[in-house]
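Notes for the structure review
Spelled out from the first residue to the last, the chains are:
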Amino acid sequence: PCRSVLTVACEQTEVLLFDPISSKHIKTLSEAHEDCVNNIRFLDNRLFATCSDDTTIALWDLRKLNTKVCTLHGHTSWVKNIEYDTNTRLLVTSGFDGNVIIWDTNRCTEDGCPHKKFFHTRFLMRMRLTPDCSKMLISTSSGYLLILHDLDLNKSLEVGSYPILRARRTTSSSDITSSGSSGPRAVGSPCHQNESGPLSEKHMSRSSQREGGCPRNSLEVLTPEVPGERDRGNCITSLQLHPKGWATLLRCSSNTDDQEWTCVYEFQEGAPVRPVAPRCSLRLTHCIEEANVGRGYIKELCFSPDGRMISSPHGFGIRLLGFDAHCSELVDCLPKEASPLKEIRSLYSHNDVVLTTKFSPTHCQIASGCLSGRVSLYQPKF
């Protein structure tokens with residue numbers, strides 16, 4: 001968080017540490033895990049967590065990198081995502097076993113942390129918490145986006161224990177005005193308890209119907225609109241949140257993996273107008289088609305710290321994208337209908353497919369990493 005260390009997760013069990021100012025290599029954790037390292041998350045300026053295809057999460061201290069603080073066991077498949085609630089000091093992880101697990105870092109020992117399964121869904125790809133930790137978003141390989149509203153991480157969600165809001169496709173402004181009185185169709189849920197058919201009004205909780213609002217951990221199931229994909233399936237491969245909590249950023253690929261898009265969806269707050277009306281918390285505002293180089297590999301994109309720009313892997317480089325040509329705030333340039341993202345600058349410095357990119361949280365600097373293992377740092381000239 002203080003930008004003193006850049007950490008890099010590698011395919012072959014390694015974690016690399018660099019000084020992002022001098023670009024000097026600090027240390028290599030050569031056997032950080034027993035399989036591919038997938039994600040790294042700093043909990044504060046010294047403690048960070050790594051997750052791996054070996055099904056474990058490891059905690060590390062920058063002051064003592066020769067040994068792990070502890071190893072966390074609980075997932076049964078590849079662990080792909082790590083989030084952290086700074087208010088409760090709860091670590092949140094998700095994996096391809098479909099589980100979201102909560103870890104109590106307040107009570108860590110050398111043997112691990114107390115943990116519990118918080119949520120489960122099929123086809124889980126990525127999980128994120130909004131900056132204020134009021135919502136959890138989960139993307140799936142089947143094209144669904146799940147949103148848990150008014151989040152309470154201290155309450156485990158067993159099958160059938162949470163209220164389900166009616167699911168629907170996200171809309172643009174034109175869809176809202178043209179949908180008519182019949183309304184959009186509901187879609188089936190990826191959760192196990194709803195395999196038999198689409199969601200309907202009877203699944204809504206009594207408290208939601210009575211009060212017209214959302215009780216704690218209400219589940220909303222959406223199929224985000226993707227340009228050109230209205231009648232085709234898609235996979236949500238990358239999921240990020242706007243730093244001010246205004247929007248979510250998705251990288252989507254078609255079911256045939258021949259097209260990719262970067263899409264921005266604005267959060268639409270507030271309860272449904274009518275308790276029985278379908279809820280839709282997201283609206284597509286901006287999108288752009290991406291170069292589909294490196295099929296089968298997930299490309300991780302990101303917002304800048306102020307939320308005005310997006311850095312997106314694009315072939316052998318990255319593209320800097322804005323909501324308009326002047327890099328305005330999203331709230332200052334919300335279109336009536338979904339508009340193209342503006343390409344501000346393209347940077348190409350790799351000899352292989354770029355898979356990930358990240359802005360420095362405190363400085364004008366961007367890092368990108370490609371399939372062959374090269375890491376590039378970019379800094380603007382003023």
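Quick caveat, the model's predicted, so the values are computed rather than measured. (Residues numbered from 1 in each chain as written. Predicted model: local features only at pLDDT ≥ 70, side-chain atom pairs only at ≥ 80, totals over all residues. Heavy atoms only, no water.)

1. Considerations on the overall build of the chain
Along its length, the chain carries 2 helices and 28 strands. In the chain, which comprises 382 residues, the proportion classed as buried is 54%. Relative to all contacts within the chain whose residues are 6 or more apart in sequence, the contacts with residues 24 or more apart total 53%. Summed over its atoms, the accessible surface of the chain is roughly 17,000 Å², and 48% of this surface lies on carbon and sulfur atoms. (Helix = DSSP H or I, 4+ residues; strand = E, 2+ residues; numbered from the N terminus. Buried < 20%, exposed > 50% of the residue type's maximum accessible area, 1.4 Å probe, protein only. Contact = heavy atoms within 4.5 Å. Areas by Shrake-Rupley, 256 points an atom, 1.4 Å probe, with all protein chains shown as cover.)

2. A word on the pairing of strand S8 (residues 79-85)
The buried count for S8 comes to 7 of 7 residues, which makes it a mostly enclosed element. Pairing analysis gives 6 bridges linking S8 to strand S9 (residues 90-95), with the strands arranged antiparallel. If you follow Tyr84 over to S9, its bridge partner there is Leu91. What sits between the antiparallel neighbours S8 and S9 is a turn of 4 residues, in which Arg89 has the positive phi angle 60°. (Pairing = 2+ DSSP bridges.)

3. A short note on the pairing of strand S27 (residues 366-370)
Of all 5 residues that make up S27, 5 are buried, and the element is covered over most of its length. Of the two faces of S27, the one carrying Ile366, Ser368 and Cys370 and the one carrying Ala367 and Gly369 are both buried. Of the strand pairs in this sheet, strand S26 (residues 354-359) and S27 are connected by 5 bridges, and their pairing is antiparallel. Paired with Phe359 across the two strands is Ile366, which belongs to S27. From the end of S26 to the start of S27, which pair antiparallel, there are 6 residues. Sheet topology places S27 next to strand S28 (residues 375-378); 4 bridges connect them, and they run antiparallel. Pairing of Ile366 across the sheet is with Tyr378, part of S28. The hairpin formed by S27 and S28 contains 4 residues between the paired strands, and Gly373 there has a positive phi angle of roughly 105°.

4. Quick word on the side chain of Glu300
Its location among the elements puts Glu300 in the loop between strand S20 (282-290) and strand S21 (302-303). Polar contacts involving the side chain of Glu300 include one to the side chain of Ser238, which spans 2.9 Å. (Polar contact = N/O pair within 3.5 Å; in protein donor to acceptor, adjacent residues only side chain to side chain.)

5. Overview of the nonpolar core
Soluble globular proteins: nonpolar side chains tend toward being buried together. The biggest cluster of nonpolar side chains holds 19 residues, and the ones touching the most others in it are Val92, Val100, Phe118, Phe119, Met136, Ile138 and Leu153. Elements supplying a minimum of two residues to this core: S9, strand S10 (99-104), strand S11 (115-120), strand S12 (124-129), strand S13 (136-140), strand S14 (145-149) and strand S16 (218-223). With 3 residues, the top contributor of residues to this core is S12. The contacts of Leu153, once residues within four sequence positions are left out, are Asp85, Leu90, Val92, Ile102, Lys116, Phe118 and Met136. Counting residues in hydrophobic clusters, the runner-up holds 18 residues, among them Leu137, Val226, Ile236 and Cys280. (Core = buried A, V, L, I, M, F, W, Y, C linked by side-chain atoms within 4.5 Å.)

6. Looking at a negative patch on the surface
Taken together, the side chains of Glu11, Glu31, Glu34 and Asp35 define an acidic patch exposed on the protein surface. Among the structural elements, Glu11 can be located in the loop between strand S1 (6-9) and strand S2 (15-18). For Glu11, a relative accessible area of 52% gives the class exposed. (Patch = residues over 30% accessible without salt bridge, like charges linked within 9 Å, V, L, I, M, F, W, Y side chains within 5 Å. Salt bridge = Lys/Arg side-chain N within 4 Å of Asp/Glu carboxyl O. Lys, Arg positive; Asp, Glu negative; His and termini not counted. Charge placed at Lys NZ, Arg CZ, Asp CG, Glu CD.)

7. Things to note about the environment of Leu371
Structurally, Leu371 can be placed in the loop between S27 and S28. Sequence-wise, Leu371 and Thr356 are 15 residues apart; in three dimensions their C-alpha atoms are separated by 9.2 Å. Not counting the four nearest positions on each side in its chain, Leu371 is found in contact with Tyr297, Asp352, Val353 and Leu355.

8. Here's the deal with unusual backbone geometry
Even without being glycine, Arg89 reaches a positive phi, approximately 60°. With respect to the secondary-structure elements, Arg89 resides in the loop between S8 and S9. Exposure remark for Arg89: the relative accessible area of 41% places this residue in the partly exposed category. Although it is not a glycine, Asn217 adopts a positive phi angle of roughly 60°. Along the chain, the position of Asn217 falls in the loop between helix H2 (206-211) and S16.

9. Quick word on the UniProt feature "repeat: WD" (unreviewed entry) in the chain
Within this numbering scheme, the UniProt entry marks residues 30-63 and 72-104 as carrying the feature "repeat: WD" (unreviewed entry). Taken as a whole, residues 30-63 contains 0% helix and 53% strand, while its terminal C-alpha atoms sit 17 Å from one another. For residues 72-104, helix accounts for 0% and strand for 64%, while the C-alpha atoms at its two ends are 11 Å apart. (UniProt positions renumbered as here; feature names shortened; annotations may be inferred.)

10. Here's the deal with the sheet that holds strand S17 (residues 234-241)
With mixed pairing, 5 strands are arranged side by side in an open sheet as S17-S18-S19-S20-S24. Both outer strands of the open sheet, S17 and strand S24 (339-340), are each paired with one neighbouring strand and no more. Here S20 runs beside S24; their pairing, made up of 2 bridges, is parallel. Among the inter-strand pairings, Cys287 is bridged to a residue of S24, identified as Pro340.

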